[in-house]
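A closer look at the structure
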Amino acid sequence: MSTTHDRPITIETRTELDDVLAGEERVLVMVRTEGCTICQSMEPILDNVARATEARVVVFNPKRDLDAVAAFDVRSVPTFLLFAAGELVDRRADGFVPTADLVAFVEGE
């Protein structure tokens, strides 16, 4: 059964991320840091994606869990990680992404 989530959630640890991944079919994660202006400008876009897709949208600030940065090979922020059935299936790390492009990314178009 799919559930519609109309707002992103914010997490800070890999354990929290694993819990979300275990309970959702499709998850878009934006890895961000404090003070990242592009990340801040993406927040309204993430709201749009959360409303437009069936995916669970997550904002992940891994400042307390730097091992997650290495585990997912995050080299810049924002990095978008797309998970399906708990597995990482795609990634983007190209800065600001317009709503339509991010929705297409989430929906595999």
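In this report, the structure presented in the accompanying data block is examined. Please read these numbers as outputs of a predicted model, since none were measured by experiment. (Residues numbered from 1 in each chain as written. Predicted model: local features only at pLDDT ≥ 70, side-chain atom pairs only at ≥ 80, totals over all residues. Heavy atoms only, no water.)

1. Here we look at the overall build of the chain
Put simply, the rule reads: Helix numbering and strand numbering both begin at the N terminus, where a helix is a DSSP run of H or I of at least 4 residues and a strand a DSSP run of E of at least 2. For this measure, only C-alpha atoms enter the radius of gyration; the expected value for a globule follows 2.2 Å times N^0.38, where N is the number of residues.
When helices and strands are tallied, the chain shows four helices and five strands. Element order for the chain, N to C, with α for helix and β for strand: β-α-β-α-β-α-β-β-α. For 109 residues, the compact-globule estimate of 2.2 N^0.38 gives 13 Å, and the chain sits close to it at 12 Å. In terms of overall dimensions, the chain has a C-alpha envelope of 35 × 30 × 20 Å along the principal axes.

2. Re the state of the cysteines
The cut-off we apply is this: Disulfides are defined in this document as cysteine sulfur pairs within 2.5 Å. Exposure classes here rest on a 1.4 Å probe applied to the protein chains alone. A residue is buried below 20% of its type maximum, exposed above 50%, and partly exposed in between.
Under the defined criterion, the tally for this structure stands at one disulfide. Between the sulfur atoms of Cys36 and its disulfide partner Cys39 the distance amounts to 2.4 Å. A torsion of 80 degrees about the S-S bond marks the disulfide between Cys36 and Cys39 as right-handed. The exposure class of Cys36 is buried, given its relative accessible area of 10%. Judged by its relative accessible area of 0%, Cys39 is buried.

3. Brief notes about helix α4 (residues 99-107)
Put simply, the rule reads: Residues count as neighbours in contact if any of their non-hydrogen atoms are within 4.5 Å of one another.
Residues of α4 that are buried: Leu102, Val103, Ala104, Phe105 and Val106. The inward-facing, buried residues of α4 abut β2 (26-31), α2 (37-52), β4 (79-84) and β5 (87-92). Of the residues flanking the end of α4, it is Gly108, one or two places downstream, whose phi is positive at about 75 degrees.

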